[in-house]
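Chain and residue survey
Residues per chain are reported as follows:
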Amino acid sequence: GIRSALNKTTKPSMLNVHLVPHTHDDVGWLKTVDQYFYGGRNYIQHAGVQYILDSVVAELQKDPARRFIYVETAFFFRWWSQQSRSTRNIVTQLVQEGCLEFVNGGWCMSDEASTHYSSVIDQMTLGLRFLNDTFGECGRPRVAWHIDPFGHAREHASIFAQMGYDGFFFGRLDYQDKDRRMKTKEMEMVWRASASLNPPTADLFTGVLPNGYNPPPGFCWDQSCSDDPVQDDPALEDYNVDDLVSRFISISKAQAALYKTNHIVMTMGSDFQYENANPWYKNMDKLIHYVNAQQANGSQVNVLYSTPSCYLQELNLANQTWPLKSDDFFPYADGPHDFWTGYFTSRPALKRYERLSNSLLQTCNQLEVLGGPKSRSGPFGKGDSDTMKRAMAVAQHHDAVSGTEKQHVADDYAKRLAEGWAHCQVLVSNSLSVLSGSEVPRVFCENLNISVCPLTEGSKMFSMNVYNPLARPVSWSVHLPVNGTSYNVTDSSGNVVDSQRPRVPSAPTLSGRASALRRPSPAAPPLCADLHAASPLCFQYLKVTFDPNTGLLSGLTNLETQQSVQLTQNFYWYNASVGNAESSQTSGAYIFRPNSSTPCAVSKNSNTVLCVCQNSVVQEVRQQFSPWVSQVVRLYEGSRELELEWTVGPVPVEDGFGKEVITRFDSNISSAGYFYSDSNGREVLERRKDYRPTWDLTQTEPIAGNYYPINSRAFIKDGKAQLTVVTERSQGVSSIYNGSLEIMLHRRLLRDDYRGVGEPLSEPGEFGNGLVVRGRLLLTLTPPETAADSHRPLAQGLVLQPLLSFQEGAPKPTSKLEFSALQAALPPAVHLLTLSQWDSESVLLRLEHQYESGESKAFSQPVTLNLQVHTHTHSAVTALLPCCLLYRLSLLCFDCSFFS
């Protein structure tokens, strides 16, 4: 096999240089996915993935020693579907012989800051399943390969380890961290990627590539490069073999000085290279030949074609001890004023749409199972979940949900998600028809966030179905636009619900429930009063106070625990840098660089309160900070959290200033420079201002250099109180001052940041004058020891939201108005991660323990479940490999034992 062949070509007494031919093919960036595949719009960027694969396959057949790795299954899947049987047979043989090796294997190379772990698992599963179905065990990637993402999340490494990967290689590392690691030979390490899983479950060998993901200087032989080829005819004036060999040996020895073994790796390729693979392989063949020929003259350098898995196997055989890392690689900077922390928030509407699409996809998956075959072909036509699965998988790409693509590409990502919605809505309608017995057409009001739903606005009577995709009961507020002044609301049992109530009764687990709304004749009194001083909001669990002069939040009290904190909230904007004498670096889609450490207050009003709305179910304070920033502060009866619904935009730039808009909470909590943020929505990491756990930080950007990504929550705490903010999209967060927590909500910039996208981040919005964004934050105040009991279910409830559908008129008497797929709710610690149709005869079920070790006295303990389901194997995270077959290489770290 490949490893035995490699062992014959490596030489234990020499420096072995592993050449890894590769291409990095973005699943959208400057061009759309389709344009990249076909090579369209080459005036934007010359790139055509189909030609890369055509050319590489042809060149690999010429010499069995040649190697190539491929990453992005989204492209390979499309290319494979267009190939003849004979070409497929050739490719299959190349895979079996180890000439063509798949690494990473997901549908894309996902972003690591802006992605939720559930979507990462789904996109990895989609890609790996195709490789497994097509090539079997020979197509299984053994190495994770994230050479381009802009910082690296601990949760990603944990997922890769649990999927059975042997190692993880990446290209981008903070410039200060990289400098230290090169000096101490710590460019390769064991990453302990979970504080909750017992080692080595989430331990993963991790290597930092020496040149990002590019070839060493002077050795790029792509048709897009200008480096000299190997000119080996001595009769030619430009004969350069001696010079190239000498330089290559020097570069190899210099690189070897940074690593611990006599094996080093060189990435031979870059963005969309190998469209013509012949120059690459012709020159690499010569390089290997002439460098190795010098061994006869005493050279100790041995060069060979290789792959990351073969390189990793040699490191395993070296029996080294590796340093241990347990934090993450955020934030990433490639220079003193170049922190890649702006993209944590870039394109906030796309980030929200991606998260909503994930919620719909999980509901679609579940109802495909519950509705059976008729869900895919029923009274409302043909529906499917595959379209949304592929659109969501593409959206995880590190230039998609990250917000670092051109505007027309962002539009294409959104269009793909919209197509997925359309296909899923047909499936959901079919499934709910099966489950309810009603074939009355259903309407999905996708614009409820802007209070638009033609059916509810134009109907005297309509019914609403609420499907809860969580495996536990939830209460969910529903705001519907109507034209009547008063409505009678009845639940699925016919019980009358107060017409002022903006939420439906708690929905059963994994279930649907219908409510009927009928407009009566009497008019209801107005709910809001125009006031300029907000009275406190108070129900049984929370009390919220406001400053009588400014209308801003002034305090929050947990009436259950008798905790109170002084708490103010306001909106600010950082003036985006356009470069200065210190550095020409600007703020852009990737980079966050404010001109000043002091943000400007948005509000010019003496008092922000517009009106106060109070009734027995919900209390609201509506605030106006400026013509382009407003907020509704809501407290619901029975809720232990405070809701802040903010609206920002269009961000004005007529003054010539790009703006990075934040909301900041200031409290009297003694946080001492510490705050906490989640990793891809799962485990939580401790952050500390102006500090990195693994090196002595020289802080050169006091704001941007302290920003971190959040996917679901962030908090500050002291010994008595914890203030947690739960968010419904990925954003950037920091704590600049003691007791403060700031979240970046929106960005509108006037300059490009010189990282390749080539245009300012200035989204036009619907009317061309700038994007308007609306979102929600949930605040809880709890003792630190019980905080997770609140924020874990809150966060999952925002990730997997109830799906609303509407029907004209009252439900028919024969309709089934309520159903549940579970006999009982799952325990609070257990989260239903996946329920989806795997094939015609089997279903994929994933359950996870959602609490970290030690974070909850009530729920962090192990849970035993007795599931009455038909299954015959327990699988790894990707559901492709039974755990009994899951094996990985073992590598030494400081406190690990070695097993060969």
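Parameters and conventions
Residues numbered from 1 in each chain as written. Predicted model: local features only at pLDDT ≥ 70, side-chain atom pairs only at ≥ 80, totals over all residues. Heavy atoms only, no water. Helix = DSSP H or I, 4+ residues; strand = E, 2+ residues; numbered from the N terminus. Rg over C-alpha atoms; globule rule 2.2 N^0.38 Å. Contact = heavy atoms within 4.5 Å. Axes fitted to C-alpha atoms, helices over the stretch in contact; angles between N-to-C directions. Parallel < 35°, antiparallel > 145°, perpendicular 65-115°, else oblique. Left-handed = near helix turned anticlockwise from the far one by under 90°. Nonpolar A, V, L, I, M, F, W, Y, C, P; charged D, E, K, R; others polar. pLDDT = per-residue confidence, 0-100. Phe/Tyr/Trp six-rings, centres within 6.5 Å; stacked < 30°, edge-to-face > 60°. Buried < 20%, exposed > 50% of the residue type's maximum accessible area, 1.4 Å probe, protein only. Lys NZ or Arg CZ within 6 Å of the ring centre and 35° of its normal. Disulfide = S-S within 2.5 Å. Expected span 1.5 Å × (residues − 1). UniProt positions renumbered as here; feature names shortened; annotations may be inferred. Pairing = 2+ DSSP bridges.

A few words on the overall build of the protein chain. In terms of regular secondary structure, the protein chain is built from 16 helices and 43 strands. A globule of 900 residues ought to have a C-alpha radius of gyration of about 29 Å, and the protein chain, at 29 Å, matches this closely. Expressed as lengths along the three principal axes of its C-alpha atoms, the size of the protein chain is roughly 100 × 60 × 55 Å. In the protein chain, the share of contacts with a sequence separation of at least 24, taken over all contacts with a separation of at least 6, comes to 74%.

The geometry of helix 6 (residues 117–135) relative to helix 7 (residues 154–162) is characterised by a closest axis approach of 11 Å and an angle of 40 degrees between their N-to-C directions. Between helix 6 and helix 7, the interaxial angle falls into the category oblique. As for how helix 6 packs across helix 7, the hand of that crossing is right-handed. Of helix 7, the residues touching helix 6 (which contributes Y117, V120, I121 and M124) are E155, H156, I159 and F160. Along the lines of polarity and charge, the residues of the contact of helix 6 with helix 7 split into six nonpolar, one polar and one charged.

Confidence in the prediction for the protein chain averages 92 pLDDT; 91% of positions are at 70 or higher. Considering only residues more than four positions removed or in separate chains, one finds that residues 501–508, a stretch of pLDDT under 50, has 33 contacts. Across residues 890–900, where pLDDT falls below 50, the model places 33 contacts with residues more than four positions away in sequence or in other chains.

Enumeration according to the criterion identifies 48 aromatic pairs in this entry. Aromatic side chains Y274 and W280 sit 5.1 Å apart centroid to centroid with 5 degrees between the ring planes, which places their arrangement in the stacked category. In terms of burial, Y274 and W280 fall into one category: buried. Linked through ring pairs, Y70, F76, F77, W79, W80, F102, W107, F130 and F135 together constitute an aromatic cluster. In this arrangement the basic side chain of R688 is found over the ring face of Y691, its NZ or CZ atom lying 4.3 Å from the centre. Sitting above the plane of the Y676 ring, K717 keeps its charged end 4.9 Å from the centroid.

As a further point, take the state of the cysteines. Taken as a whole and assessed by the stated rule, the structure comprises three disulfides. Between C220 and C225 runs a disulfide, and the two sulfur atoms are separated by 1.9 Å. Given a relative accessible area of 7%, C220 falls into the buried group. Through a disulfide, C364 is tied to C424; the S-S separation comes to 2.4 Å. The sign of the S-S torsion, about -100 degrees, decides the handedness of the disulfide formed by C364 and C424: left-handed. Residue C364 is found in helix 12 (residues 348–371), and its partner C424 is found in helix 14 (residues 407–436); the two are separated by 60 residues along the sequence. A relative accessible area of 0% places C424 in the buried class. No disulfide involves C99; its sulfur sits 11 Å from the nearest other cysteine sulfur, which is in C310. On the accessibility criterion, C99 (1% relative accessible area) is buried.

A separate point is helix 12. The end-to-end C-alpha separation of helix 12 is 34 Å, in line with the 34 Å expected for 24 residues at 1.5 Å each. Positioned one or two residues after helix 12, G372 has a phi angle of 75 degrees, which is positive.

According to UniProt, the "domain: Glycoside hydrolase family 38 central" (unreviewed entry) feature falls on residues 338–417. Each end of residues 338–417 is marked by a C-alpha atom, and these two atoms are 32 Å apart; helix forms 56% of the span and strand 5%.

Turning to the sheet that holds strand 1 (residues 15–21), a few remarks are in order. Strand order in the open sheet formed by three strands is 8-1-9, and the pairing between neighbours is parallel. Looking at which strands have only one partner, the edges of the open sheet turn out to be strand 8 (263–268) and strand 9 (301–305). Averaged over all pairs of adjacent strands, the angle between their axes in this sheet comes to 25 degrees, without regard to strand direction. On top of the sheet, helix 11 (residues 308–317) reaches strand 1 and strand 8; it is set at about 170 degrees to strand 8, its chief contact.

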